[in-house]
Amino acid sequence: MAVIEIKNVAKRFGDYQALHDINLTIDDQEFMVLLGASGCGKSTLLRIICGLETASEGEVWIGGKRVDHLPPKDRGISMVFQNYAVFPHLTVFENIGFGLRMQKLPNDQVKRRVERTAGLMHIDQLLKRYSGELSGGQRQRVAVARALAMEPDVILMDEPLSNLDALLRMEMRAELKGVLAESNTTAIYVTHDQVEAMSMADRISVMHEGKIVQAASPIEVYRDPAAEFVAGFIGNPPMNFLPATPAGAAGQWSVAGQTLHGPNAGKDLKFAIRPEDLTLADQGFQARAKVVEPLGAHLLVTCEVEGHQFRAILDSETQVRMGDTLTLAPQDGRGRWFDPATTLAVS
Amino acid sequence: MTAETTDVAEVGANTRKAGQYVYIAAVVLLCAWVIVPLYFLLINTLSSPEAVNSYPKPFIPEFDLGSLTFFANFAGILTALKNSILVAALTMVMSIAIGAPAGYALSRFEFRGKELFRLLILLTRAFPLPLLALPLAVMFIRVGIDDTIFGLALVHTTLAIPFAVLITFSLFSGIPIELEEAAWTLGCNRLTAFQKVILPLVLPGITASAIFAFVISWNEVFAAAVLTIENRTLTAFLLQNLDTSPLHLKFAGGFILVVPALIFIFAVRKYLFAMWGIANR
């Protein structure tokens, strides 16, 4: 139940600049995902919010209070770690109740809150066990329950599902989303998994080289990437890029032999299109199929258009063989344009 | 062509077999190196004086407790035993009190000269004690702690600290930093996180390291002999008296010294491996 404001936060490790001038406001009860490849600074930013790392510059405000000089325990946060960090010498009950015991709550209250959160995470039958007797998924549940039992204003999660196997991850993803939505806490969730980010987030902050490239709703990040990096990072496979040159009239662009309608700009641009926004047509890009991968639900074809790699997702019953030449037309309104100099979107 | 390949295969098999024999022989030799003297010590301790001096030796002890009983009634031996235990206990407490914080710092903080510091800790063991013993004795007399249990414990602590630091360093390093961080986010400061999370987890290892310090002090004879006169420890006391004793008593004295040390080392062997980073990985 708190707004988080990050103002001009920068972090240096010696000569290495891990974060550059980060500004971000996370609304009350919002589920914010920090998404990026490893080394982009997303975990560092989370640890600065948590108080496990100090920022070289800038301020962190939680619930209208400046917290960047406070230790983690005074920030009203709790954290779920990637490798669970379940205390091995305590039972599940004492793990979940650890923070409550530190607050010196009376026994009956500790018991009530531990049992309630354990119930939420479906681990009520494990309360007497030690962490060595639990599976990875169960340990993860204990770690989340321990964080929830604190009833924090803000819950921070650092790749909490990345150590679980694929099926379990999918299950936990949905469950976590439900539990957090009910708990009314503000959540910041760090992940490198874009499916996780898309499916859970109210808003995604895509990070790259210590900067936030775009902070927007999942669908906006997907449909209207603010920069070439986002377009090439989000989506599996990501967007295709082709060079575009002005074709005489304003707003007319020549892209791989096709004339397309685009923005007004006086220089060369890049045209970008998602693989699933391409259809077989009579007129379009001439693409030579190089690899054909039937994926069940659809057909992924990796082609070449004028020497540029180009992927298309087609109906799974399409008959395509290696070496075929396809004519692929972009769907109206789905093409995006980027300025190669700034790498930013142009509209 | 086929004949050649089988030849090569055979040679390979033979080499492997020979290597295996060498390996087994080395293991047997090393075990014998340690076990045979201990076994003779045991036999001779549990034999009557006549049997000890006779030849050939029997391979099965006769369970004659005469030599050991003699020791139990020997004047001054109980005081020496008490001194040994006191010095060793003091060494144990001091080396952990000083060594464990150093081990924690080495494992958790980055600072300049950390690697050099670790090396220097080991290098303190490269100094031969006889070289230090005389200057130490002179200094102890000046300060007034010569021939005291505390003075001797100080020297033994110096000997035990490198091991205390290295063992605790490896113990703390074996505990993920996330456990501590989790405790901090759950309402602990550095001190309470250490008390509630780290300490319970390292306690068995700390105990082992303490026992090891105890054994180092228990076994040490040179400093004990040089720095004490009245308050001799068991090792120094036996060294002084056994010189002039008959052979069977020498064996019994040796036995009394070796057995507790052996038992202790056996109890903590797992952690001694951990010190070199082999176990728990």
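Chain B carries the name Trehalose transport system permease protein SugB in an unreviewed UniProt entry, which gives Pontivivens insulae as its organism. The Subcellular location (unreviewed entry) comment attached to chain B in UniProt states, word for word, "Cell membrane".

As recorded in an unreviewed UniProt entry, chain A goes by the name Maltose/maltodextrin import ATP-binding protein MalK, listed as coming from Pontivivens insulae. According to the UniProt record, the Sequence similarities (unreviewed entry) comment for chain A reads "Belongs to the ABC transporter superfamily."

Another aspect to go through is the domain arrangement of chain B. All names here are of chain B. Looking at chain B, the domain boundaries give domain 1 (2-45) and domain 2 (73-275). Using C-alpha coordinates to define each centre, domain 1 is positioned 36 Å away from domain 2. With five residues of domain 1 at the contact, the number on the domain 2 side is six residues. Contact between domain 1 and domain 2 buries roughly 530 Å² in total, counting both sides, with carbon and sulfur atoms accounting for 86%. For domain 1, the biggest contributors to the area lost against domain 2 are Leu 41, Asn 44 and Thr 45; these three give 72% of the whole. Where domain 1 packs against domain 2, one counts zero salt bridges. Counting every contact that joins domain 1 to domain 2 gives one residue pair in polar contact (both at pLDDT 80 or more).

Under the feature "domain: ABC transmembrane type-1" (unreviewed entry), the UniProt entry names residues 81-268 of chain B. With 81% helix and 0% strand, residues 81-268 of chain B has end C-alpha atoms that lie 22 Å from one another.

Moving on, we come to the environment of B:Leu247. All names here are of chain B. Looking at the secondary structure, you find Leu 247 in helix H12 (residues 247-267). Residue Leu 247 is classed as partly exposed on the basis of its relative accessible area of 39%. It is 37 Å that separates the C-alpha atoms of Leu 247 and Val 93, two residues lying 154 residues apart in sequence. Apart from the residues within four sequence positions on either side, Leu 247 is in contact with Val 52 and Asn 53.

The next point concerns the environment of A:Phe229. Residues and elements named next belong to chain A. Locating Phe 229 in the fold gives a position in helix H8 (residues 228-233). Under the relative-accessibility criterion, Phe 229 is labelled partly exposed at 23%. For the pair Phe 229 and Pro 263, spaced 34 residues apart in sequence, the C-alpha separation works out to 20 Å. Setting aside chain neighbours within four positions, we find Phe 229 in contact with Val 206, Met 207, His 208 and Val 213.

In this assembly, 19 residues from chain A lie in contact with 16 residues from chain B. Of the roughly 1,600 Å² buried where chain A meets chain B, counting both sides, 77% is carbon and sulfur surface. Looking only at chain A, the three residues that lose the most surface to chain B are A:Lys73, A:His89 and A:Met102, adding up to 33% of its buried area. Counting across the interface, chain A meets chain B through one salt bridge. Joining chain A to chain B, the criterion identifies three residue pairs in polar contact (both at pLDDT 80 or more). Contributing elements (two or more residues each) for the side of chain A that touches chain B: helix H1 (42-50), strand S6 (77-80) and helix H2 (92-102) of chain A. In terms of residue count, H2(A) provides more of the side of chain A that touches chain B than any other element does, three residues in total. Its residues assigned to classes, the side of chain A that touches chain B shows 13 nonpolar, three polar and three charged.

About the criteria used
Along each chain, residue indices are assigned from 1 in the same order as the chain's sequence is written. Think of it this way: whatever chain is written first is A, whatever ligand is written first is 1, and the rest follow in order. Per-residue local features are limited, in this predicted model, to residues with pLDDT of at least 70; the limit for side-chain atom pairs, both in listing and counting, is 80 or more; totals at the level of whole chains, interfaces and linings are taken over all residues. Where side-chain values are given, they derive from all heavy atoms of the structure, hydrogens and water being excluded. UniProt positions are given in the numbering used here, feature names are shortened, and annotations may be inferred rather than shown by experiment. Start and end points for every domain follow an automatic or database-based domain assignment. Residues are treated as being in contact if the distance between any of their heavy atoms lies within 4.5 Å. Buried area: the sum, over both parts, of the accessible surface (1.4 Å probe) that disappears when the two are put together. Salt bridge, as applied in this entry: a Lys or Arg side-chain nitrogen positioned within 4 Å of an Asp or Glu carboxyl oxygen. What qualifies as a polar contact is a pair of N or O atoms within 3.5 Å, subject to a donor-acceptor requirement within protein and to the restriction that residues adjacent in sequence count only when both atoms come from side chains. Helix numbering and strand numbering both begin at the N terminus, where a helix is a DSSP run of H or I of at least 4 residues and a strand a DSSP run of E of at least 2. Relative accessible area decides the class of each residue, using a 1.4 Å probe on protein chains only: under 20% of the type maximum gives buried, over 50% gives exposed, and in between gives partly exposed. Each residue gets one label: Ala, Val, Leu, Ile, Met, Phe, Trp, Tyr, Cys and Pro are nonpolar, Asp, Glu, Lys and Arg are charged, and the others, such as Gly, are polar.

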